[in-house]
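Coordinate inspection notes
Chain by chain, the residues:
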Protein chains: 2
Amino acid sequence: MILTGNSLVNERLHMTRSPRINGRSPLRKRDANRPSARQRIFDTASELFYLKGIRAVGVETIAAEADTTKMSLYRNFPSKDELVAEWLREHDANFWQTWDAMANRHSKDPRRQIKAAFALLAKHVADPKARGCPMANAAVELTEKDHPARKVIEAHKAKLRARLVQICTQMGAREPRLLADQLFLLMEGAQVTTQTLGVRGPARNVARAAKMLIDANLRAS
Amino acid sequence: MILTGNSLVNERLHMTRSPRINGRSPLRKRDANRPSARQRIFDTASELFYLKGIRAVGVETIAAEADTTKMSLYRNFPSKDELVAEWLREHDANFWQTWDAMANRHSKDPRRQIKAAFALLAKHVADPKARGCPMANAAVELTEKDHPARKVIEAHKAKLRARLVQICTQMGAREPRLLADQLFLLMEGAQVTTQTLGVRGPARNVARAAKMLIDANLRAS
DNA sequence: CAAGAGAGTTACCGGTCAGTATCATACCAT
DNA sequence: ATGGTATGATACTGACCGGTAACTCTCTTG
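By convention here, each chain's residues receive numbers from 1 onward along its written sequence. Each chain gets a letter, beginning with A, and each ligand a number, beginning with 1, in the order they are written. The predicted origin of the model limits local features to residues at a pLDDT of at least 70 and limits the giving and counting of side-chain atom pairs to 80 or more, whereas totals for whole chains, interfaces and linings rest on all residues. With hydrogens and water excluded, all non-hydrogen atoms of the structure serve as input to the side-chain values.

This next bit is on the relation of the copies chain A and chain B. Between the two copies, chain A and chain B, the superposition gives an RMSD of 0.0 Å; the rotation angle is 180° and the shift along the axis is 0.0 Å. Expressed as a symmetry operation, the mapping of one chain copy onto the other fits a two-fold axis. The position closest to the rotation axis in chain A is occupied by the C-alpha of G189 of chain A, lying 1.9 Å away. Any pair of residues with heavy atoms lying within 4.5 Å of one another is described as a contacting pair. Interface overlap between copies is the fraction of interface residues in one copy that are interface residues in the other; for chain A against chain B it reaches 100%, indicating a shared surface. Alignment of the copies relies on least squares applied to C-alpha atoms, considering only residues that score at least 70 for pLDDT in both.

Before going further, it helps to examine the environment of V57 of chain B. Residues and elements named next belong to chain B. Numbering goes from the N terminus for both helices and strands, where a helix is a DSSP run of H or I of at least four residues and a strand is a run of E of at least two. Note on placement: V57 falls in the loop between α1 (37-52) and α2 (59-65). Three labels apply to residues, based on accessible area from a 1.4 Å probe with only protein chains included: buried if under 20% of the type maximum, exposed if over 50%, partly exposed otherwise in between. Of the residues examined, V57 reaches a relative accessible area of 1% and is grouped as buried. As for V57 and A45, which are separated by twelve residues in sequence, their C-alpha atoms are 8.4 Å apart. Non-local contacts of V57, meaning those with residues more than four positions away in its chain, are made with L48, F49, K52, I62 and K80.

The next subject is the packing of aromatic side chains. Aromatic ring pairs are described here by two measures, namely the spacing of the ring centres and the angle between the planes. Residues and elements named next belong to chain A. Under the pairing criterion, centres of Phe, Tyr and Trp rings, with the six-membered ring standing for Trp, must be within 6.5 Å; the plane angle then separates stacked pairs below 30 degrees from edge-to-face pairs above 60, leaving the rest tilted. Applying the stated rule across the entire model yields ten aromatic pairs over all chains. Relative to W99, the ring of F95 lies with its centre 5.9 Å away and its plane at 25°, an arrangement referred to as stacked. Of the two residues, F95 and W99 are both situated in helix α4 (residues 80-105); the distance of four residues between them amounts to about one turn of the helix. Take F95: its relative accessible area is 25%, and that puts it in the partly exposed class.

So, on to helix α6 (residues 134-141) of chain B. Taking burial as the measure, the eight residues of α6 of chain B include eight buried ones, the bulk of the element. Inspection of α6 of chain B places P134, M135, A136, N137, A138, A139, V140 and E141 of chain B among the buried residues, and these make up the whole buried set.

Here it is in structure tokens:
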């Protein structure tokens with residue numbers, strides 16, 4: 001193997017060893033302004049899992065990067081596998097919080113909901129640091145069918161699919177399930193292609209693709 | 001970690017330890033009918049990488065599963081990373097061989113070429129043992145940007161995208177690049193969704209999705 | 001002030017990782 | 001028969017893996 005990404009990343013999430021500024025001492029080991037060890041570990045793990053991959057990041061690396069030790073990790077999480085599952089659970093929560101906020105802004109207009117969702121997606125896949133969907137990526141990496149993260153992943157995707165069907169029904173599509181699946185494929189495709197063809201790849205046409213597909217489906221009804 | 005899939009798989013690619021049949025001894029260690037160690041290693045690695053993931057499969061497991069030893073692996077391949085790259089290179093070759101054969105059957109009809117391509121894809125994602133696209137999966141797992149497999153992956157996907165643009169141009173689409181990207185997104189989406197929502201997921205609508213998209217694009221011109 | 005909780009530190013466990021060295025064996029073509 | 005080539009077998013290296021034990025420190029709360 002070339003290198004298992006154990007080198008330190010450049011920017012830290014929570015600076016703790018920052019040089020003292022104008023006489024006042026920097027954040028001490030225990031400080032009200034400093035996030036808890038659990039929080040630092042969780043944030044660091046989330047970032048590293050996403051950017052480097054789950055299997056490529058060891059618990060030792062996570063702890064060091066969070067400026068703590070492995071012991072604090074295992075005091076707060078039962079295992080690496082559970083930490084991974086926890087990370088994905090939080091991603092799911094954040095996802096739906098964003099989604100619901102967006103949906104509430106256009107509560108009477110399903111078409112605008114879809115448009116807004118794809119605008120968000122388009123913005124995400126335009127970020128050169130983005131590396132697709134954490135859920136889908138985790139599904140690729142974690143092939144053990146009884147891994148605790150798998151049910152999180154499957155539930156997340158199933159819920160998204162159902163939500164799309166609901167919106168497509170509200171839009172009055174003749175075959176809401178078909179349109180929903182088509183939109184789902186576009187979403188997933190956009191996320192995965194950023195990892196092979198980058199931000200200038202097919203992903204940048206995902207919003208237009210969705211629009212054409214919706215028009216085609218509504219015209220048919 | 002739950003388990004790093006080092007247990008033996010049930011079915012062997014090349015049976016070597018098969019019980020003797022009607023008095024004649026089974027395949028011996030060296031036998032004209034027996035594939036070379038290199039071939040057995042390559043075939044086994046290809047299967048395991050695809051089914052269990054690259055990082056989840058160790059060289060020791062590959063060797064054992066191929067009924068040989070690590071030494072034979074390293075006599076035939078410079079490293080695991082190169083073995084991975086080699087696997088993907090062969091996948092690329094097979095892919096284009098199949099594609100070209102299909103294209104030649106409909107050399108004057110780009111529309112039928114696309115239809116045939118999506119029929120093949122639909123058949124693949126209907127296989128419950130399938131686990132998406134090896135190239136895309138490898139891109140998820142191998143985050144080191146200088147991994148020898150990465151250039152294979154990027155070249156493969158870029159070539160596919162270009163090929164789609166070419167066919168869409170021949171079809172007379174007003175915006176062949178747009179349509180090509182749309183089809184690309186559907187293809188990639190179908191592959192990746194089989195790993196989260198299975199064969200009954202959105203992937204089963206990929207062919208219809210492609211048809212509608214093409215119709216919509218051609219109608220617009 | 002006392003007690004307890006959260007956190008840091010260090011050392012360690014057994015196992016697996018990719019990769020190598022060495023020697024023995026079996027086959028094939030000459 | 002012989003010599004080269006592919007293969008097998010075993011043992012090993014050093015690094016890293018996930019996970020644990022035991023002890024100290026420090027801050028907060030009563």
